[in-house]
Amino acid sequence: MSDVLILNGRLVDPANGIDAERDLLLRDGRVAAIEIPGVLKNVAAAETIDASGCIVAPGFIDVHVHLREPGQTYKESIATGTAAAAAGGFTSVIAMPNTVPVNDSVAGLEWMLDAARGSVVKLFAMPAATMGSMGIELSNFSALRKAGAVGFTDDGKPVLEDDVMRAALVRAARLGVPVSQHAEDTRLTGGCSMNAGPVAFRLGLRGMTVEAEARIVERDIRLLREIEKAEGLRPHLHVQHVSTARAMEAIRAAKREGLHVTCEVAPHHFTLTDEAVGNYDTHAKMNPPLRVEADRVAMVAGLMDGTADTIATDHAPHAAHEKEQEFERAPNGITGLETALGLTLRVLHRGQGMTLSRVVELMSVNPAHVVSLEGRGGLAVGNHADVVVFDPNTDWTFQATNSKSKSRNTPFNGAAMLGRVRFTICEGRIVFSN
Ligand SMILES: [Zn+2]
């Protein structure tokens, strides 16, 4: 018997309109019963979790993680990265394709998704939109979709050419999946290592402008409009890691217009500004870069008002020796799976009064919609038993040395967090407890 009983918690399940005390029974990897307190208390289960004082919610879904396997397992592996995901309350993650080699083939995708890789949570992948993520020739969308692709992206790079992006949006629309865009006009960012502005000026570094992000977002939105008109299709653009007020505003306008645009914001972009680069701290080096306070505030506003659909970590592990070099040479990216909830609760819930229901929408319900994960993102009877149990009130300090990730590249070492993951349950199995 593999039943798991979760008693005495507050179920926050916006997909099903529930925010109330409920007990849950999980059986054979599915949600078997949801009852008011008392009804399930005499059920014999292999595991009983006392969730008193805790929130019980659909497991978090991260539509943007880098697991570094194949090719760079000294930074992370599918096993270690998904262990970090479980510790962060995530039950599903979407792996980006910029591995070595790039995940642009059915064989590569199947290898990655194989149970032999040891994924601790449910693993999905977005293969490359173009062969080798070179931006020239589209990958085989229909074969990759059949093999499990939940979307297509050249993340790490943009799909720069109009014609290629248009073709990608058309093909993905026919398959009912999004094209996820790393919005950076790389023709404007050559040699740049942080945000353009006074901090870059003081440090003598070349800066990425707001235009470099906004221009791609605005171009992609124009393509959506053109395709809808010309082809009668409804392409879905997902904008990755939005970091600028101008791009957020473009997305807001596109949504108002009725185009199918979704977007994600990373915790570091609603928490930090380019001041965090301080004295060439490579742990604050990522792409898109940390921006200025007005942009940070715009990310918060987008998350509060529904313009932003989901919080995604862009978990991007790097080895210590890679980050410990000159700022301009160090790789972009930070780890993020284990600090996402703590920052979201601290900055958005406590700091801005965001309801826990909206937090769960941003971390579970909406990401499930972005990539159309059936039976996930909500806890109705019959759905996958993907559950996170977290205490929303504990203040604690993140210590990177305790991370499950192989890498330690985070600007949040020693940072204040709010809310602790107590249990992560993936398809009925307890994959993390604390
Ligand atoms: Zn990216």
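Our subject is the structure listed above.
As the structure is a prediction and not an experimental result, all values here were calculated from the model. (Residues numbered from 1 in each chain as written. Predicted model: local features only at pLDDT ≥ 70, side-chain atom pairs only at ≥ 80, totals over all residues. Heavy atoms only, no water.)

1. Looking at the overall build of the chain
1) Next: A count of helical and extended segments in the chain gives 12 helices and 18 strands.
2) Next: The C-alpha atoms of the chain give 21 Å as radius of gyration, which agrees with the globular expectation for 434 residues (22 Å, within 12%).
3) Next: Structurally, the chain occupies a C-alpha span of about 65 × 50 × 40 Å along its principal axes.
4) Next: Buried positions account for 60% of the 434 residues belonging to the chain.
5) Next: Residue pairs in contact within the chain that sit at least 24 positions apart in sequence constitute 75% of those at least 6 positions apart.
6) Next: Measuring between centres, the 43 positive side-chain charges of the chain sit 1 Å from its 52 negative side-chain charges. (Helix = DSSP H or I, 4+ residues; strand = E, 2+ residues; numbered from the N terminus. Rg over C-alpha atoms; globule rule 2.2 N^0.38 Å. Buried < 20%, exposed > 50% of the residue type's maximum accessible area, 1.4 Å probe, protein only. Contact = heavy atoms within 4.5 Å. Lys, Arg positive; Asp, Glu negative; His and termini not counted. Charge placed at Lys NZ, Arg CZ, Asp CG, Glu CD.)

2. Remarks on the sheet that holds strand 10 (residues 179-181)
1) Next: Strand order in the open sheet formed by five strands is 9-10-13-14-15, with parallel pairing between adjacent strands. Bordering the open sheet on either side are strand 9 (152-153) and strand 15 (310-311), each of which pairs with just one other strand.
2) Next: Across three bridges, the pairing between strand 13 (residues 237-239) and strand 14 (residues 261-265) is parallel. What sits directly across from V239, in strand 14, is C263. (Pairing = 2+ DSSP bridges.)

3. Side note on the pairing of strand 18 (residues 429-433)
1) Next: Relative to strand 18, strand 17 (residues 416-426) is paired through four bridges, and the arrangement is antiparallel. Bridge pairing in strand 18 links T424 to F432.
2) Next: Where strand 17 folds back onto strand 18 in an antiparallel hairpin, the turn is made up of two residues, including E427, whose phi is positive at roughly 50°.

4. With respect to the side chain of T344
1) Next: Within the secondary structure layout, T344 lies in helix 11 (residues 340-352).
2) Next: Ignoring sequence-local partners within four residues, the contact set of T344 consists of F270, I311, H349, V359 and M363.

5. Describing the environment of E264
1) Next: Counting through the fold element by element, E264 comes out in strand 14.
2) Next: Here E264 falls in the buried class, since its relative accessible area comes to 1%.
3) Next: Linking E264 and M126, residues 138 residues apart in sequence, is a C-alpha distance of 15 Å.
4) Next: Among the polar contacts made by the side chain of E264, one reaches the side chain of H64 at a distance of 2.6 Å. (Polar contact = N/O pair within 3.5 Å; in protein donor to acceptor, adjacent residues only side chain to side chain.)

6. Here we look at the layout of surface pockets
1) Next: Put simply, the largest pocket is a space of about 330 Å³.
2) Next: Lining of the largest pocket is provided by 20 residues; of these, A87, E338, W396, R420 and F432 occupy positions nearest its centre.
3) Next: Elements represented by at least two residues in the lining of the largest pocket include exactly helix 11, strand 16 (387-397) and strand 17.
4) Next: Of the residues assigned to the lining of the largest pocket, the class counts are eight nonpolar, nine polar and three charged. (1 Å grid on protein atoms, 1.4 Å probe; cavity = no way out; pocket = protein on both sides within 12 Å on 5 of 7 lines; lining within 4 Å. Points joined across faces, edges and corners; volume = space filled by probe spheres on them. Nonpolar A, V, L, I, M, F, W, Y, C, P; charged D, E, K, R; others polar.)

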